[in-house]
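# Structure assessment
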Number of protein chains: 4
Amino acid sequence: MTPAPTPTHLPLPVSPSTRRSPLEQQRLNDALVALHEQQIAFNHVLGLKVVSAQAGAVRTELSMRPDLVGHYLYGRLHGGVISATLDTMGGFALMAALGEKFAHESAADVMHRFARMGTIDLRVDYLRQGIGKTFTATAEVTRLGGRIGSTMMRLVNEEGVLIATGCGTYVVS
Amino acid sequence: MTPAPTPTHLPLPVSPSTRRSPLEQQRLNDALVALHEQQIAFNHVLGLKVVSAQAGAVRTELSMRPDLVGHYLYGRLHGGVISATLDTMGGFALMAALGEKFAHESAADVMHRFARMGTIDLRVDYLRQGIGKTFTATAEVTRLGGRIGSTMMRLVNEEGVLIATGCGTYVVS
Amino acid sequence: MTPAPTPTHLPLPVSPSTRRSPLEQQRLNDALVALHEQQIAFNHVLGLKVVSAQAGAVRTELSMRPDLVGHYLYGRLHGGVISATLDTMGGFALMAALGEKFAHESAADVMHRFARMGTIDLRVDYLRQGIGKTFTATAEVTRLGGRIGSTMMRLVNEEGVLIATGCGTYVVS
Amino acid sequence: MTPAPTPTHLPLPVSPSTRRSPLEQQRLNDALVALHEQQIAFNHVLGLKVVSAQAGAVRTELSMRPDLVGHYLYGRLHGGVISATLDTMGGFALMAALGEKFAHESAADVMHRFARMGTIDLRVDYLRQGIGKTFTATAEVTRLGGRIGSTMMRLVNEEGVLIATGCGTYVVS
């Protein structure tokens, strides 16, 4: 059993009066999606599609394809595809959280913050065979510090079977 | 955000007719508590106290003491105390899950299964300073296979602040 | 500083009289290379090339290409490419070690053993930016048990700069 | 096989003319030993003894005692003792490396730098049973950055059997 998340896990709320407008928020979300789906070249190779860019509820999908197969006998996802997907999800969750932490900033200013982000280290647990048609990755921000952020990630298939989990540490500024 | 757990995460239920009696279940719980609090010598050094031995909801408490301090300036828990506690919690969660998986077996037979258990590897993320009076550790079984089990663990203080998380892989038979 | 490796890290030597012939060993090496470069589809996407399949000294090369880029500003390797490469290297080192442990078996019999291999969990440390033209991955078998194997991996660029390290745990039978 | 370490793994050498005197270096080494053996309370509980505080070759010993036992049947080291020891060794190796990086500073100035150090995350691989009389821990600094340091650690018994390895990430300033 896991304890309920506390307010310290997530950035402090910004008062509505100083928060970026809904239009500007949409610009940020669109920029986040473009960054993950197009500008990170290898994500494009994997075919990752962002389903939700909302802070605290990020979600990405990945569709099975022959060239993502690892084990030559079983037609399951290559471990590297899984680790790349979970690595990306952790960073994505932190970007969305930073967008919330700096909710008074423009989309452009927030995007500028991501130039220095990077993964420090990553653990992946390959729990069950990566068999399925569509895989969904999620991530929880367990800490967003001034310099370092930490996340826990999960990958499930279309039947909800937990395929893999991960923990990542990232430089966030 | 984390997806809802699926039935594959936990052992299949045993039909009530073949399940061990409530008295025998209490014997198993008592044996689990004695194992963790007394027979594992180093847990006794740490002062770990089992709050719940129920499968799917294991919980242990640890009280702050001067000799558990790590950093000589700040009076916070030594990282080794945290990793030892989370390591133990992962194994404990798997023991409770095995008690449920083999719910038709006597307490003695289940306890006999634990003789070969051991940690294969462990990751700990030290998210926030280990400051507090009482720390609570929990663990989620993410996979219970025939030979290998995996868990995710959390440690919070008495105010619910998330101090550390962990991931562990264990030999379970 | 790392202590000198001990005999327990590697499989026991097989007496020359029962060891497979040089021709059969070449068949095994060729099969290992074909498995890693061709049959594991995602390795083929990455473009991994085996330089040495010798037990205790496995080595793989990876050439930089635009679609392996992660960070959209800096032209460095995607973390997922690095984790996939190190994951593969750990498994490859264990396969070569199994080929030595069962040095009396034919290449076909050894290859048959690999059908059940898989990564249990993996840690990757991204130490420096993945910048370079050619990357070399190596792996050390730290334990080869009957059921579980453990490895430590390294990735350097053509100037010998240490880009990343990893630790992996694998099912080996 | 592991590639030869490159100059980038270690801090740049300081010219002899600006380097602290041998007497001041001895003061730093003594302060490092006192910090690890006495001031970190939990290390004192474990009984860790520093054998070498030399940058690039740090080494600590731990003697078996009944209260360090984990598994109640086999008399082997508790996993938490191993993880605490490796965690400490990684930090110790980074402290010694910082002492070399800032070799022009006084012992007091270098020690002052350690006030903000802390472990971010740690992985431990428990390779073989922790059986023995005396255990030796070593650590290699794989990166010493301005803010973050990374290490790989090893624990062997008195016969040189590799008991455990670890990887750690630390805040170094």
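These remarks concern the structure in this document.

Cut-off values and rules
Residues numbered from 1 in each chain as written. Chains lettered and ligands numbered in written order. Predicted model: local features only at pLDDT ≥ 70, side-chain atom pairs only at ≥ 80, totals over all residues. Heavy atoms only, no water. Contact = heavy atoms within 4.5 Å. Buried area = accessible area lost by both parts, 1.4 Å probe. Salt bridge = Lys/Arg side-chain N within 4 Å of Asp/Glu carboxyl O. Polar contact = N/O pair within 3.5 Å; in protein donor to acceptor, adjacent residues only side chain to side chain. Helix = DSSP H or I, 4+ residues; strand = E, 2+ residues; numbered from the N terminus. Pairing = 2+ DSSP bridges. Least-squares fit on C-alpha atoms with pLDDT ≥ 70 in both. Expected span 1.5 Å × (residues − 1). Buried < 20%, exposed > 50% of the residue type's maximum accessible area, 1.4 Å probe, protein only. Axes fitted to C-alpha atoms, helices over the stretch in contact; angles between N-to-C directions. Parallel < 35°, antiparallel > 145°, perpendicular 65-115°, else oblique. Left-handed = near helix turned anticlockwise from the far one by under 90°. Nonpolar A, V, L, I, M, F, W, Y, C, P; charged D, E, K, R; others polar. Phe/Tyr/Trp six-rings, centres within 6.5 Å; stacked < 30°, edge-to-face > 60°. Lys NZ or Arg CZ within 6 Å of the ring centre and 35° of its normal.

### Focus: the interface of chain A and chain C
Of the residues lining the interface, 38 residues belong to chain A; the matching set on chain C comes to 39 residues. Between chain A and chain C lies a buried interface of about 2700 Å² when both sides are counted; carbon and sulfur atoms form 56% of it. At the surface where chain A touches chain C, the tally comes to two salt bridges. The salt bridge involving Arg-123 of chain C is made with Asp-121 of chain A; its shortest N-O contact spans 3.2 Å. There are nine residue pairs in polar contact (both at pLDDT 80 or more) connecting chain A and chain C. Looking at the side of chain A that touches chain C, the elements with two or more residues in it are helix 1 (22-39), helix 2 (41-46), helix 3 (79-101) and strand 3 (118-126) of chain A. For strand 3 of chain A and strand 3 (residues 118-126) of chain C, the ladder comprises five bridges, and the chain directions are antiparallel. Its bridge partner lying in strand 3 of chain C, Asp-121 of chain A is registered against Asp-125 of chain C.

### Observations regarding the relation of the copies chain B and chain C
In the superposition of chain B on chain C (RMSD 0.0 Å, axial shift 0.0 Å), the rotation amounts to 180°. In the structure described here, the two chain copies are related by an operation that fits a two-fold rotation axis.

### Quick notes on helix 3 (residues 79-101) of chain B
Helix length check: helix 3 of chain B (23 residues) gives 33 Å between terminal C-alpha atoms against 33 Å at 1.5 Å per residue, within 8%. Burial within helix 3 of chain B is extensive, with 21 of its 23 residues counted as buried.

### Observations regarding the sheet that holds strand 5 (residues 148-157) of chain C
Ordered by their spatial adjacency, twelve strands build an open sheet running 1(A)-2(A)-4(A)-5(A)-6(A)-3(A)-3(C)-6(C)-5(C)-4(C)-2(C)-1(C), and the pairing between neighbours is antiparallel. Unpaired on one side and paired on the other, strand 1 (49-52) of chain A together with strand 1 (49-52) of chain C mark the two borders of the sheet. Averaged over neighbouring strand pairs, the angle between their axes works out to 25° when direction is ignored. Here strand 1 of chain A pairs with strand 2 (residues 59-63) of chain A via three bridges, running antiparallel. Within the sheet, the bridge partner assigned to Val-50 of chain A lies in strand 2 of chain A and is Thr-60 of chain A. With respect to the sheet, helix 3 of chain A is in contact with strand 1, strand 2, strand 3, strand 4 (134-144), strand 5 (148-157) and strand 6 (162-171) of chain A together with strand 3 of chain C, its orientation differing from that of strand 4 of chain A by roughly 50°. In the packing of helix 3 (residues 79-101) of chain C onto the sheet, contacts are made with strand 3 of chain A together with strand 1, strand 2 (59-63), strand 3, strand 4 (134-144), strand 5 and strand 6 (162-171) of chain C, and the angle to strand 4 of chain C comes to roughly 50°.

### Some remarks on the relation of the copies chain A and chain C
The two copies are related by a screw operation: chain A maps onto chain C through 180° of rotation and 0.0 Å of translation along the axis, at an RMSD of 0.0 Å. Of the interface residues in chain A, 100% have counterparts in chain C that sit at the interface too, so the contact is made through matching surfaces.

### Looking at the packing of helix 1 (residues 22-39) of chain C against helix 3 of chain C
Residue and element names in this part refer to chain C. Orientation of helix 1 relative to helix 3, taken along the N-to-C sense of each, is 160°, at an axis distance of 11 Å. By the angle between their axes, helix 1 is roughly antiparallel relative to helix 3. Once helix 1 is placed against helix 3, the crossing between them reads as right-handed. Contact with helix 1, carried on its side by Leu-28, Leu-32, Leu-35 and His-36, involves Thr-88, Phe-92, Met-95, Ala-96 and Gly-99 of helix 3 and no other residues of that element. For the contact of helix 1 with helix 3, the per-class residue count stands at six nonpolar, three polar and no charged.

### Section: helix 1 (residues 22-39) of chain B
Along its 18 residues, helix 1 of chain B runs 24 Å from first to last C-alpha, staying within 8% of the 26 Å computed at 1.5 Å per residue. Buried residues of helix 1 of chain B: Glu-24, Gln-25, Leu-28, Asn-29, Leu-32, Leu-35, His-36 and Glu-37 of chain B, and no others.

### Side note on the pairing of strand 3 (residues 118-126) of chain D
All names here are of chain D. Of all nine residues making up strand 3, seven are buried, and the element is well covered by its neighbours. Bridge count for strand 3 against strand 6 (residues 162-171) is eight bridges, and the pairing is antiparallel. Each bridged residue has a counterpart across the sheet, and for Val-124 the counterpart in strand 6 is Gly-166.

### Notes on the packing of aromatic side chains
Following the criterion strictly, the structure yields zero aromatic pairs over all chains and no others. Positioned above the aromatic ring of Phe-102 of chain A, the side-chain terminus of Arg-113 of chain A is 3.5 Å from the ring centre.

### Examining the interface of chain B and chain C
Each partner contributes to the interface: chain B provides eight residues, whereas chain C provides eight residues. Note on chain B versus chain C: buried area summed over both sides is about 660 Å², and carbon and sulfur give 50% of it. Run the count over chain B and chain C and you get zero salt bridges. Our count for the chain B to chain C interface comes out at four residue pairs in polar contact (both at pLDDT 80 or more). Sorting the residues of the side of chain B that touches chain C by element identifies strand 3 (118-126) and strand 6 (162-171) of chain B as the ones contributing at least two each. When residues of the side of chain B that touches chain C are assigned to their parent elements, the largest contribution, three residues, is made by strand 3 of chain B. When the residues that make up the side of chain B that touches chain C are grouped by side-chain class, the tally is three nonpolar, two polar and three charged.

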